[in-house]
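Structural description and commentary
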2 protein chains.
Amino acid sequence: MAELDSPAEAGLVAQWRELLARHAAAACTLDRELGDRFGLGMSEFEVLERLVEGCAANGAHALRVSDLAPTVHLSQSALSRLIARLEKAGLVTRAMCESDRRGIVLTLTDAGRERYEQARPLHREVLELTLGGEPAKGCEVPSG
Amino acid sequence: MAELDSPAEAGLVAQWRELLARHAAAACTLDRELGDRFGLGMSEFEVLERLVEGCAANGAHALRVSDLAPTVHLSQSALSRLIARLEKAGLVTRAMCESDRRGIVLTLTDAGRERYEQARPLHREVLELTLGGEPAKGCEVPSG
DNA sequence: TTGCATTGAATGCACACGCATGTACTGTCC
DNA sequence: GGACAGTACATGCGTGTGCATTCAATGCAA
């Protein structure tokens with residue numbers, strides 16, 4: 001009645017559980033640490049980072065929301081609200097896109113840029129701690 | 001003003017983004033497919049699976065909630081409510097633990113066992129599609 | 001031009017989550 | 001025995017999420 005997984009399936013499940021553990025450890029720690037120290041969620045930081053990277057491409061800290069969407073693993077509605085939060089916090093500015101007035105262009109403010117620069121070391125540190133080693137367990141705090 | 005990541009940091013970030021993409025693809029698809037076809041969330045399935053595995057260990061589909069907790073990447077409160085949902089759906093039974101009356105022993109019902117067996121092929125199929133290949137993008141539906 | 005399907009983004013709603021707290025029970029130390 | 005810290009689980013609360021829907025703007029066709 002209870003069929004066993006084939007070896008291939010068992011390997012896939014093991015891989016999945018490893019991925020779940022790593023993701024949980026990193027995401028949980030990132031959310032808590034970035035939230036406590038910089039008022040940013042994991043995805044908020046991710047969006048700021050994309051805006052900073054967008055700078056290298058077009059010279060301005062600006063991106064269409066529709067261009068941002070595929071890179072952040074959130075629903076359209078969640079992204080919309082996340083941007084609203086960032087705007088409320090004064091980290092980004094929403095402006096109508098001139099070439100397509102349905103679209104919204106995000107601009108990183110100086111405060112947004114600064115917040116990102118401040119948060120980045122902690123972000124990298126958490127990744128180092130949760131992904132660098134092999135164990136991938138728990139939700140440890142990187143430093144006092 | 002904008003310091004670049006060291007090569008080590010850049011690699012870590014790349015690894016993190018890859019992990020995020022894989023996790024999002026698999027988790028999103030699992031939740032939607034298992035939800036649509038079996039009324040189960042990803043974590044609900046995971047809990048049923050641990051109960052089934054627990055069978056091999058002690059002969060009964062029973063586990064302490066406190067033993068289950070470390071294997072599921074949820075807060076204690078989220079797990080408590082998840083179990084309440086499973087119980088409401090008739091898939092598990094909650095009983096007081098005799099040796100430690102603070103504890104709760106979960107028992108898989110026949111319906112729970114059956115639901116798990118029905119859902120498992122789809123679960124494995126989704127993992128195969130989202131983790132098996134290298135791309136790790138999007139939220140595709142495994143089959144009609 | 002008008003009409004209509006499509007796209008980009010915002011919003012109502014239900015729901016699952018984490019944090020903080022509450023309640024019940026255990027073990028220890030006096 | 002009684003007091004007390006610690007553990008196991010449940011629950012109130014605020015919040016972030018996805019789905020479905022809505023509204024505005026675009027592109028295309030008649």
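In what follows, the structure referred to is the one given above.
The structure contained in this document is the topic of the report that follows.

Conventions we followed
- Residues numbered from 1 in each chain as written.
- Chains lettered and ligands numbered in written order.
- Predicted model: local features only at pLDDT ≥ 70, side-chain atom pairs only at ≥ 80, totals over all residues.
- Heavy atoms only, no water.
- Near = heavy atom within 4 Å.
- Polar contact = N/O pair within 3.5 Å; in protein donor to acceptor, adjacent residues only side chain to side chain.
- Contact = heavy atoms within 4.5 Å.
- Buried area = accessible area lost by both parts, 1.4 Å probe.
- Salt bridge = Lys/Arg side-chain N within 4 Å of Asp/Glu carboxyl O.
- Helix = DSSP H or I, 4+ residues; strand = E, 2+ residues; numbered from the N terminus.

1. A short note on the protein's contact with DNA strand C
Taken together, 21 residues form the shell around DNA strand C, and within it S80(A), R81(A), R94(A), S75(B) and R85(B) come nearest. Looking at DNA strand C alone, sugar and phosphate atoms form 60% of those within 4 Å of the protein. Within the contact set of DNA strand C, a phosphate oxygen lies 2.5 Å away from a side-chain nitrogen or oxygen of S80(A). Within the side chain of R85(B), a nitrogen or oxygen atom sits 2.6 Å from a phosphate oxygen of DNA strand C.

2. Describing the interface of chain A and chain B
The interface is formed by 35 residues belonging to chain A together with 35 residues belonging to chain B. In this assembly, chain A packs against chain B so that about 3100 Å² is buried in total across both faces, 61% of it on carbon and sulfur atoms. The tally of links between chain A and chain B comes to eight salt bridges. Its salt-bridge partner being R124(B), residue D5(A) comes within 2.7 Å of it at the nearest N-O pair.

3. Comments concerning the environment of G112(B)
Residues and elements named next belong to chain B. If you trace the backbone, G112 turns up in helix α5 (residues 110–132). For the pair G112 and V92, spaced 20 residues apart in sequence, the C-alpha to C-alpha distance is 6.2 Å. Ignoring anything within four residues of it in the chain, the contact list for G112 reads L48, G90 and L91.

Note that every value here comes from positions in space, so none of it alone points to a role or purpose.
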